[in-house]
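Residue-level listing of the chains:
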Amino acid sequence: MLNIILFGPPGAGKGTQSERLIKKYGLCHISTGDLFRWHTKNDTDLGQRVKEIINSGQLVSDDITIAMLKEEVEKNPGASGFLFDGFPRTVDQAKALDTLMESMNTAIHAVIELKVTEEEVRQRIAKRKELENRADDASDKLDRRIGEYFNKTVHVLPFYDAQGRLSTVNGIGNIDDIFSEIDKTVSALKV
């Protein structure tokens, strides 16, 4: 089983690169953002709670996020691996994810950071907002999300770096070139 975390700020290209990794390696994609959107669209109990939190520009609490994540992992017992996108956002979540993986007799094998500047993120999200008009891309909410990432979430990276599981890839440039660098990292893993 191959388990990867794709890490980066909103608009870093995680969704685009995730699609390529899934196709090449047959991974089961788990995006907390997609899970939150599915639950809100389908108006589940969790979705109602998530919608209120996301619409206020806040991050969903660890207990809700981990419950959704565990449910999704358990839906795919025969998966050849998982690609986590948008999770973990805190060291506590990273530890909870490690515990979940251990309970499945596996581990997170690599954390790949898409390194993107705040200026680039803002430009990309402005374009995405024109195309998709996502509620979480509104400027006030976006400011909070970007601030959360660059001031808080980014501090998860040293946790993985200390364990030798972190690789950083320049997330600015040609999409194919970025994927090539990600693929080199994944291909080098000894799983």
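Computed from a predicted model, the values in this text were never measured in an experiment.

Draft legend 1. A look at the overall build of the protein. For the protein, the count of helices and strands is nine helices and five strands. Beginning at the N terminus, the succession of helices and strands in the protein can be written as β-α-β-α-α-α-β-α-β-α-α-α-β-α. Radius of gyration (C-alpha) of the protein: 16 Å, near the 16 Å computed for a compact globule of 191 residues. Expressed along its principal axes, the backbone C-alpha trace of the protein runs to roughly 45 × 40 × 30 Å. Within the span of the protein, comprising 191 residues, buried residues form 45% of the whole. Taking the contacts inside the protein whose residues are at least 6 apart along the sequence as the reference set, 75% of them involve residues at least 24 apart. Entry remark: accessible area of the protein is about 9800 Å², with carbon and sulfur atoms responsible for 49%.

Draft legend 2. Broad picture of the sheet that holds strand β5 (residues 166-170). With respect to topology, five strands assemble into an open sheet ordered β2-β3-β1-β4-β5, the strand pairing being parallel. At either margin of the open sheet sits one strand with a lone partner, and together these are β2 (28-31) and β5. Averaged over neighbouring strand pairs, the angle between their axes works out to 20° when direction is ignored. The pairing of strand β1 (residues 2-7) with strand β3 (residues 81-85) spans five bridges and is classified as parallel. Residue pairing in the sheet places L6 in a bridge with D85 of β3. Strands in contact with helix α2 (residues 32-41) are β2 and β3; relative to β2, the strand with the most contacts, it is inclined by about 70°.

Draft legend 3. Examining the packing of helix α4 (residues 62-74) against helix α5 (residues 91-103) more closely. In the contact formed by α4 and α5, the axes pass within 11 Å of each other and the chain directions differ by 25°. Between α4 and α5, the interaxial angle falls into the category roughly parallel. Relative to α5, α4 is oriented so that their crossing is right-handed. Contacts between α4 and α5 involve D62, T65, I66, L69, K70 and V73 from the former and D92, Q93, A96, L97 and L100 from the latter. Residue classes in the contact of α4 with α5 are distributed as six nonpolar, two polar and three charged.

Draft legend 4. A look at the nonpolar core. Of all hydrophobic cores here, the largest spans 29 residues; its most connected members are I5, F84, L97 and Y160. Breaking this core down by element, the ones donating at least two residues are β1, β2, α2, α3 (45-55), α4, β3, α5 and α8 (157-161). Ranked by size, the runner-up nonpolar core spans 19 residues in total, among them L6, L21, F179 and I182.

Draft legend 5. Summary view of the environment of R165. Here R165 lies in the loop between α8 and β5. Overall, the relative accessible area of 14% leaves R165 in the buried class. Once the C-alpha coordinates of R165 and I4 are considered, the two residues, 161 residues apart in sequence, prove to be 9.6 Å apart. Polar contacts involving the side chain of R165 include one to the main-chain carbonyl oxygen of I108, which spans 3.1 Å.

Draft legend 6. Structural detail: the packing of aromatic side chains. Within this structure, the stated rule accounts for four aromatic pairs. Between the aromatic rings of F82 and F84, the centroid separation amounts to 6.0 Å while the plane-to-plane angle is 35°, which identifies the pairing as tilted. Accessibility assignment for this pair places F82 and F84 in one class, buried. Centre to centre, the rings of Y149 and F150 are 5.1 Å apart; their planes meet at 90°, and the pair counts as edge-to-face.

Conventions used here
Residues numbered from 1 in each chain as written. Predicted model: local features only at pLDDT ≥ 70, side-chain atom pairs only at ≥ 80, totals over all residues. Heavy atoms only, no water. Helix = DSSP H or I, 4+ residues; strand = E, 2+ residues; numbered from the N terminus. Rg over C-alpha atoms; globule rule 2.2 N^0.38 Å. Buried < 20%, exposed > 50% of the residue type's maximum accessible area, 1.4 Å probe, protein only. Contact = heavy atoms within 4.5 Å. Areas by Shrake-Rupley, 256 points an atom, 1.4 Å probe, with all protein chains shown as cover. Pairing = 2+ DSSP bridges. Axes fitted to C-alpha atoms, helices over the stretch in contact; angles between N-to-C directions. Parallel < 35°, antiparallel > 145°, perpendicular 65-115°, else oblique. Left-handed = near helix turned anticlockwise from the far one by under 90°. Nonpolar A, V, L, I, M, F, W, Y, C, P; charged D, E, K, R; others polar. Core = buried A, V, L, I, M, F, W, Y, C linked by side-chain atoms within 4.5 Å. Polar contact = N/O pair within 3.5 Å; in protein donor to acceptor, adjacent residues only side chain to side chain. Phe/Tyr/Trp six-rings, centres within 6.5 Å; stacked < 30°, edge-to-face > 60°.

That is the geometry; function is a separate question.
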